[in-house]
Amino acid sequence: LSNEEARELVQEPLFYDKLAASLAPEIYGHEDVKKALLLLLVGGVDRNTQGMKIRGNLNICLMGDPGVAKSQLLSYIDRIAPRCQYTTGRGSTGVGLTAAVMKDPITGEMILEGGALVLADQGICCIDEFDKMNESDRTAIHEVMEQQTISIAKAGILTTLNARVSILAAANPAYGRYNTKKSVEQNIQLPAALLSRFDLLWLIRDKPDANTDLRLAQHITYVHQHSTHPPREVEPLDPELMKRYIMACKKKDPIIPEDLTEYIVATYVELRKNAREDPRNATFTSARNLLAVLRLATALARLRFVEVVERDDIDEANRLMEMSKASLVEDEQTTRRTRPVDLIYGIIRDLQKDGATTVKYDDARGRCIAKGFNSDQFGECIDEYERLNIWHVNAARTRITFIQ
């Protein structure tokens, strides 16, 4: 794919949404999950500083009820990724994933045979039924997920193999289906050391809803009858074109400008503060989350075929992080009772410093988008509360002033 063709693709309206919708169009819904998988295919940028390596590959875990198309998504990624290995939890051992020592039948010498993670170097390794793996086998991938290497000390062979691979894992909750009467920790039952290595942990629930069930049933029956996805407003891209575009994106090496550093630090500190104060927070927030935001942002810049990360990339990375965490702590009664406009008002109110009467418009908008709301909802909130005489927005729309 030439640079001109790639730039023409990027110029199309709603390009990011169109690319995500082109991933497994036969599968209904899962818009944000597909966006995350798209970034997994593209990957972030590796950083090597004075012997220390910071990985750029993304790791994602999809956990959910049976029948929410987790395995189908993995199969599609296996087909579209330029380099990929597919394996299942019960059919894999620690040796099969890393490396096995074998005796050469001709010379009788000990030789090293690479496993799935070594063969998928600079690609993706899809592991289905991740929860069914033995604990001893699962610990074999801890080193791969962060250090991107496999250290071997077997039968007199001491070596380190490269495994620069993205892990895409699919798992069921501990009780087969998600049990709402149990806590998130009891439902997931994976060690914290492993969960913190996943950049995004997505919980996909199969919740009964009349409208959603109707659209899902119509979608499935159409796909079954016609062996293709139903007609859409935006026609998905051809898989071969997508594969070529992804390979072109991986050649880009975007940088994060210095003027964004302060904003990234502030959002991470806010993330830590919220995790500390929120009793429902199920995942441990550490410096790995900050690195995950940077990886997602550089992947978004690659996807746009540019050399510099922008603030919108950071906001979208934060939004995906927030949505993945929200999937773990989603409370049905709360989401039904509270309007998005009121939630946005609460976020803007929290930005108000002690004694201050003004809030920067861009800061408020960025924080709300990072929390998972869109620009239309933010604009609706601003207009509604301005009509109620709660605040006033200046003509240049740079400042929100609270009316005392």
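What counts, and where the lines are drawn
Residues numbered from 1 in each chain as written. Predicted model: local features only at pLDDT ≥ 70, side-chain atom pairs only at ≥ 80, totals over all residues. Heavy atoms only, no water. Helix = DSSP H or I, 4+ residues; strand = E, 2+ residues; numbered from the N terminus. Contact = heavy atoms within 4.5 Å. Pairing = 2+ DSSP bridges. Axes fitted to C-alpha atoms, helices over the stretch in contact; angles between N-to-C directions. Buried < 20%, exposed > 50% of the residue type's maximum accessible area, 1.4 Å probe, protein only. Salt bridge = Lys/Arg side-chain N within 4 Å of Asp/Glu carboxyl O. Disulfide = S-S within 2.5 Å.

## Section: the environment of Lys250
Within the secondary structure layout, Lys250 lies in the loop between α12 (239-249) and α13 (261-277). Lys250 has contacts with Leu41, Val42 and Arg302, leaving out every residue within four places of it along the chain.

## Quick word on unusual backbone geometry
In this structure, Gln148 is a non-glycine residue whose phi angle is positive, near 65°. By secondary structure assignment, the location of Gln148 is in the loop between α8 (142-147) and β8 (149-154).

## Here's the deal with the sheet that holds strand β10 (residues 166-171)
An order of β4-β7-β10-β3-β11 is seen for the 5 strands of this open sheet, with the pairing classed as parallel. The open sheet has two free edges, formed respectively by β4 (84-88) and β11 (200-204), since each of these has just one partner strand. Taken pair by pair, the neighbouring strands of this sheet meet at an average axis angle of 15°, ignoring direction. Pairing between strand β3 (residues 60-64) and β10: 4 bridges, direction parallel. Among the inter-strand pairings, Leu62 is bridged to a residue of β10, identified as Ala170.

## Overview of the environment of Ala153
For Ala153, the location among the structural elements is in strand β8. By relative accessible area, which is 62% here, Ala153 ends up exposed. For the pair Ala153 and Val269, spaced 116 residues apart in sequence, the C-alpha to C-alpha distance is 41 Å.

## Some details on the pattern of salt bridges
Throughout the structure, instances matching the rule amount to 16 salt bridges. A salt bridge links Asp363 to Arg311; the nearest nitrogen and oxygen atoms lie 3.5 Å apart. In this pair, Asp363 is assigned in helix α18 (residues 361-370) and Arg311 in helix α15 (residues 311-329), connecting sequence segments 52 residues apart. Accessibility expressed as a relative area gives 35% for Asp363, which makes it partly exposed. Here the residues in one salt-bridge network are Arg55, Glu146, Asp199, Arg288 and Arg295, joined through shared partners.

## Quick look at the state of the cysteines
Inspection of the entire model under this criterion finds 0 disulfides. No disulfide involves Cys61; its sulfur sits 12 Å from that of Cys126, the nearest cysteine. For Cys61, a relative accessible area of 0% gives the class buried. Between Cys368, a cysteine without a disulfide, and Cys381, which holds the nearest cysteine sulfur, the sulfur-to-sulfur distance is 6.9 Å. According to the relative accessible area criterion, Cys368 is buried, its value standing at 1%.

## What about the sheet that holds strand β14 (residues 399-402)?
Pairing is antiparallel in the open sheet, where 3 strands are placed in the order β12-β14-β13. Looking at which strands have only one partner, the edges of the open sheet turn out to be β12 (358-360) and β13 (391-393). Shown here is a sheet whose adjacent strand axes are inclined to one another by a mean of 20°, direction ignored. In this sheet, β14 lies alongside β12 in antiparallel orientation, the contact comprising 3 bridges. Note that in β14 the partner of Lys360 across the bridge is Arg399.

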